[in-house]
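So you can see what is in the structure, the chains are spelled out below.
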Amino acid sequence: MVRDASANPVVDAVFDAVANTAPAVREALPGRRVESGTENPSGETVMAADVYADELLAEAVSAVDGVGSYASEERRETVDAGEGYAVAVDPLDGSSNLRSNNAMGTVVGVYDSPLPASGRDLVAAGYVLYGPITTMVVADATGVREEVVEGDSDGDGGASRTVVDDDLSVPDEPTVYGFGGRVPDWTDDFLAYAREVESELKLRYGGAMVGDVNQVLTYGGVFAYPALVDAPAGKLRHQFEANPIAFIVERAGGASSTGDGSVLDAEASTLHQRAPLYVGNESLIDRLEDALDE
Ligand code: AHM
Ligand code: MG
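The paragraphs below set out a description of the structure included in this document. Keep in mind the model is a prediction, meaning the values are calculated, not measured. (Residues numbered from 1 in each chain as written. Chains lettered and ligands numbered in written order. Predicted model: local features only at pLDDT ≥ 70, side-chain atom pairs only at ≥ 80, totals over all residues. Heavy atoms only, no water.)

Right, let's get into the site of ligand 1. Lining the immediate environment of ligand 1, one finds 16 residues, of which Asp 93, Gly 94, Tyr 205, Met 209 and Lys 235 sit closest. Contact between ligand 1 and Met 209: an oxygen atom at 2.6 Å from a main-chain N or O atom of the residue. Here the residues of the shell around ligand 1 sort into six nonpolar, three polar and seven charged. (Near = heavy atom within 4 Å. Polar contact = N/O pair within 3.5 Å; in protein donor to acceptor, adjacent residues only side chain to side chain. Nonpolar A, V, L, I, M, F, W, Y, C, P; charged D, E, K, R; others polar.)

What follows concerns the sheet that holds strand β11 (residues 176-179). Read across the sheet, five strands follow the order β12-β11-β13-β15-β14 without closing on themselves; strand pairing throughout is mixed. At either margin of the open sheet sits one strand with a lone partner, and together these are β12 (202-203) and β14 (255-257). Across the sheet, helix α3 (residues 188-200) lies against β11, β13 (221-225) and β15 (277-280), angled at about 150 degrees from β11, the strand it touches most. (Pairing = 2+ DSSP bridges. Helix = DSSP H or I, 4+ residues; strand = E, 2+ residues; numbered from the N terminus. Contact = heavy atoms within 4.5 Å. Axes fitted to C-alpha atoms, helices over the stretch in contact; angles between N-to-C directions.)

Distances from the magnesium ion (ligand 2) to its protein donors, Asp 90 (OD), Asp 93 (OD) and Glu 241 (OE), fall at 1.8 to 2.2 Å. Mapped onto the polypeptide sequence, the residues donating to the magnesium ion (ligand 2) form the spacing pattern D-x2-D-x147-E. With Asp 93 in strand β5 (residues 85-93) and Glu 241 in helix α5 (residues 238-251), the pair connects residues that are 148 residues apart, well separated along the chain. A single burial state applies to Asp 93 and to Glu 241, both of which are buried. (Donors = N, O, S within 2.8 Å, 3.2 Å for Na, K, Ca; no water. Buried < 20%, exposed > 50% of the residue type's maximum accessible area, 1.4 Å probe, protein only.)

Okay, the pairing of strand β7 (residues 122-130) next. Judged by how many residues are buried, β7 sits mostly within the fold: eight of nine residues are covered. Relative to β7, strand β6 (residues 104-111) runs antiparallel, the two being bridged by eight bridges. Its bridge partner lying in β7, Val 107 is registered against Tyr 127. In this structure, β7 lies alongside strand β8 (residues 134-140), joined through six bridges in antiparallel fashion. Bridging from a neighbouring strand, Tyr 130 pairs with Thr 134 of β8. What sits between the antiparallel neighbours β7 and β8 is a turn of three residues.

Moving on: the side chain of Asp 140. Relative to the helices and strands, Asp 140 is located in strand β8. Owing to a relative accessible area of 4%, Asp 140 belongs among the buried residues under this scheme. Engagement of the side chain of Asp 140 in a polar contact is seen with the side chain of Thr 142, the distance being 2.6 Å.

Right, here's the structure in full:
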């Protein structure tokens, strides 16, 4: 692949490793739609496919020269990999969709700082979307692009990456929205905002952040996993999910918020901490912040 002179070789090697692992993750899904019998550090049930994807990605990402550590939503401790960037991964985002056979993804954040780190320390972020097609969106110093990933499942470097959009940007005209959590658990302020949004946009919610965010990047709109009355930090993990997705959407010309400023400015406290996440067209995120301010 021909890339801009400002491309970062370590970042490129990380996304090569992720792309090369994607076919194997995908191929492993049919036999791993069952619970693994363990819980992750967030107290959630871990599926067999979560464990397997984490193992494959840990091996592939840790082997990249210039990666100093690998951290994952599924492991309590980070894996020491030498000197270099800290890579934070949600190996199988939306794995509750395994049983119903709906979209899932892999989320990757490359931080130039030990974890937990601020979103401002991200040098690149991306995600793989295991939809009918396997695609990968990468945001780095050269911009935001979408690629189609195809290839062998033996993870030996055989995957091909075809850029299908080399300048991915949030469309000006918003069309879709998707909000997580149960309506009775939403705050009154968020509910009032949601009522406005649902009168303007079309609901598209699939239960996997990566799939839902990819709709926002494709059609314009807003995705949220909001602060809940009994869970003010929402559900999504700050290091593994919120920061990388906020980085991608902001680089694509959109905006992010925790409800009080950009996700990228939120303080990092612990590796597995949660954070509310609102991303999408800037106008919709501005209105969200106004609504939550009331
Ligand atoms: P996971 O990484 O354990 O799959 O959890 C995160 C997922 C997100 O992909 C999605 O936005 C959210 O959980 C959906 O949660 P819910 O099923 O509560 O709507
Ligand atoms: Mg997730």
